[in-house]
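Chain residues, written in single-letter form:
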Amino acid sequence: MRRLTALLRQRVRRDWLELLPWIVGTALMAYAGYAGVTQSYSTLADRQNILAAAVANPVILMFRGLPSGPSEGAFLAFEILPWLAILAALMTTFLAVRHTRGDEEAGRTELLSATPAGRTMPTLATIVHGVLASVVLAILTALALISTGLGPAGSWLAGAAAGATGIAFLGIGLIAAQLARTSRAANSITIWVLVGTFLLRGIGNAAGTPSDDLTHITSSWPAWISPFGWAEQTRPFDEGTWWPVLLAVGVGLGLSVLATVLQSVRDIDASFLVGRQGRVHARPALSTSHALVWRLASGSIIGWAIGGALTGILATSLGGIVDQVAGSNPAVADIITKLSQSGSIDEAVVTVFFTMLGIVAGCCAVQTVVRARQEEAHGTAEPVLGTLVGRVRWLADYLIVASCAVLIIVVAAVAAGFLGLAAAGGDGDLYRTVLVDGGGEFVAASVFTVVTALVFVLLPRATIGLAWALR
């Protein structure tokens, strides 16, 4: 116990500056979300109309929570609970990878293993550390909601749902750290699992069954295989179901135990996914620092570009889902008719999906610039800076690559959107909408390139946590 306590104290001293933005940022989002709901949707009728519109357009449900009633608290959960859960998930996955695979890369794990702590105690400390961080996040989020005047029962459940999602992804991050050879690969695995399970939750809600008054939805099965779906099924401020919280915590702790077992059967620096062998001699194209940054970031950029292309083609080819839902529910059809009088449903679908594109492109920009901090922390930046490459030029290379990456993702989405429109026979106005929305998201995502670089320059140790929290 004394060894575990000593390791936890060391973790707190090392991580408090990185965890603080995640925890405080989540609580502030909950508090600000209530203010936004009460100002924008102050009446019961306003909230009922928005929920009806969301039920009428399944695409909106892909990026919002689970409709569970028009009360202020239930509507707030519909608006922001998935995003609170995402922040908790990102915090714990990065923590898990940083203290397992990241410490192995830096040589700290081998040093700790040579002490009486052995190989298992540091992993146990990581599990306890991640659970405690999730609990603190849950408590502060609940207190932020209670401070707005919302009911304590629903507030504690909403905070617990977000914290439980963090614990579930703590286990996922620990498993990824055992599978992948590098911390970058492990982080990439966890991000793709996060995106995939978030979309599964959205698909489950979009394919669910709406209530007659269009204020509730009973999710279909895909939502039940996602930690984000479990968080939403708690329905805070409505039914108030606690057992999905226990399910998420149980899965997270079970995966953590499995990761500990996997670690005990492999060597230090080994992995269950075999890494690709490198070349004996570098290609001539890698003769510059700029080319090196491209080589380091190319894998993640390709992955994000594929995500952008999928977003673009979905934005212009899912209009039929709305018609299908309208045909099966006359009340939904009536809402769609009202919406169509004030604007095009197809354009609304494109706008919603391209908002998600901005998130994808912004995440890629943050990941690319954060890589500069990782290179500096791992000591691999020193050989580059020991040449004629100056520090300003070195950082500028990452900014240029990040900006180009954002452009590549947006172009991929716009091109895929055009293909979807061509296949569906879309009109000329939709082509213009896709192009304009794509340009707007490029500008928005580029802001995070600059913000992350500023954080790296001013607060280098807080770069990873603060940059992702601001995103």
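Residues numbered from 1 in each chain as written. Predicted model: local features only at pLDDT ≥ 70, side-chain atom pairs only at ≥ 80, totals over all residues. Heavy atoms only, no water.

As named in an unreviewed UniProt entry, the protein chain is Polyketide antibiotic transporter, taken from Microbacterium elymi.

**Concerning the packing of helix 9 (residues 183-206) against helix 12 (residues 289-317)**
Here helix 9 crosses helix 12 at 5°, and the two axes come no closer than 12 Å. Considering their axes alone, helix 9 and helix 12 lie roughly parallel with respect to each other. Contacts from Arg184, Ile191 and Trp192 in helix 9 reach Leu296, Gly303, Trp304 and Gly307 in helix 12. Residues belonging to the contact of helix 9 with helix 12 are distributed by class as follows: four nonpolar, two polar and one charged. (Axes fitted to C-alpha atoms, helices over the stretch in contact; angles between N-to-C directions. Helix = DSSP H or I, 4+ residues; strand = E, 2+ residues; numbered from the N terminus. Parallel < 35°, antiparallel > 145°, perpendicular 65-115°, else oblique. Contact = heavy atoms within 4.5 Å. Nonpolar A, V, L, I, M, F, W, Y, C, P; charged D, E, K, R; others polar.)

**Some thoughts on the packing of aromatic side chains**
Tallied over the entire structure, the rule returns eleven aromatic pairs. Ring centres of Trp83 and Phe198 lie 5.4 Å apart, and the angle between their planes is 45°; this geometry places the pair in the tilted category. Highlighted residues: Trp83 in helix 4 (residues 72-98) and Phe198 in helix 9, separated in sequence by 115 residues. The class of Phe198 is buried, set by a relative accessible area of 2%. Plain terms: the ring middles of Trp224 and Trp243 are 5.6 Å apart, the flat faces sit at 5° to each other, and that makes the pair stacked. With Trp224 in the loop between strand 2 (217-218) and helix 10 (227-233) and Trp243 in helix 11 (residues 243-264), this pair connects stretches of sequence that are 19 residues apart. Residue class for Trp243 comes out partly exposed when judged on its relative accessible area of 47%. Three or more aromatic residues link up through ring pairs in this structure, and these residues are Trp83, Phe169, Phe198 and Phe228. (Phe/Tyr/Trp six-rings, centres within 6.5 Å; stacked < 30°, edge-to-face > 60°. Buried < 20%, exposed > 50% of the residue type's maximum accessible area, 1.4 Å probe, protein only.)

**Focus on the side chain of Ser220**
Relative to the elements of secondary structure, Ser220 occurs in the loop between strand 2 and helix 10. Owing to a relative accessible area of 18%, Ser220 belongs among the buried residues under this scheme. A polar contact of 3.0 Å, which involves the side chain of Ser220, links it to the backbone oxygen of Gly204. Excluding anything up to four places from it in sequence, Ser220 contacts Ile203, Gly204, Ala207 and Gly208. (Polar contact = N/O pair within 3.5 Å; in protein donor to acceptor, adjacent residues only side chain to side chain.)

**Describing helix 12**
For helix 12, spanning 29 residues, the distance from its first C-alpha to its last is 41 Å, which sits close to the expected 42 Å at 1.5 Å a residue. Where helix 12 bends most, the angle comes to about 50°, and this point is Ala297. (Expected span 1.5 Å × (residues − 1). Bend = angle between axes of the 7 residues up to and from the residue.)

**Describing the side chain of Asn187**
Inspection of the secondary structure puts Asn187 in helix 9. When residues no more than four places from it in sequence are discounted, the contact partners of Asn187 are Thr93, Phe94, Val97 and Gln374.

**Comments concerning the packing of helix 4 against helix 8 (residues 152-179)**
In contact at an axis separation of 7 Å, helix 4 and helix 8 are set at 35° when each is read in the N-to-C sense. Between helix 4 and helix 8 lies a crossing of right-handed hand. Between helix 4 and helix 8, the residues in contact are Leu81, Leu84, Ala85, Ala88, Ala89, Thr92, Thr93, Leu95, Ala96 and Val97 and Ala158, Ala161, Ala162, Thr165, Gly166, Phe169, Leu170, Gly173 and Leu174, respectively. For the contact of helix 4 with helix 8, the per-class residue count stands at 14 nonpolar, five polar and no charged. (Left-handed = near helix turned anticlockwise from the far one by under 90°.)

**Things to note about the pattern of salt bridges**
For the coordinates displayed, the defined rule picks out eleven salt bridges. As a salt-bridge pair, Glu104 and Arg266 come within 2.4 Å of each other at their nearest N and O atoms. Of this pair, Glu104 sits in helix 5 (residues 101-106) while Arg266 is found in the loop between helix 11 and helix 12, placing the two residues 162 residues apart along the sequence. An identical accessibility class is assigned to Glu104 and Arg266; each is buried. Note that Glu239 is salt-bridged to Arg235, the shortest N-O span being 4.0 Å. Here Glu239 falls in the exposed class, since its relative accessible area comes to 54%. We classify Arg235 as buried; its relative accessible area is 8%. The structure contains a network of salt bridges with shared partners spanning Arg14, Asp103 and Arg108. (Salt bridge = Lys/Arg side-chain N within 4 Å of Asp/Glu carboxyl O.)

**Quick look at the environment of Leu466**
The topology assignment puts Leu466 in helix 19 (residues 463-470). Each residue touching Leu466, except ones within four places of it in the same chain, is listed here: Pro21, Val455 and Leu459.

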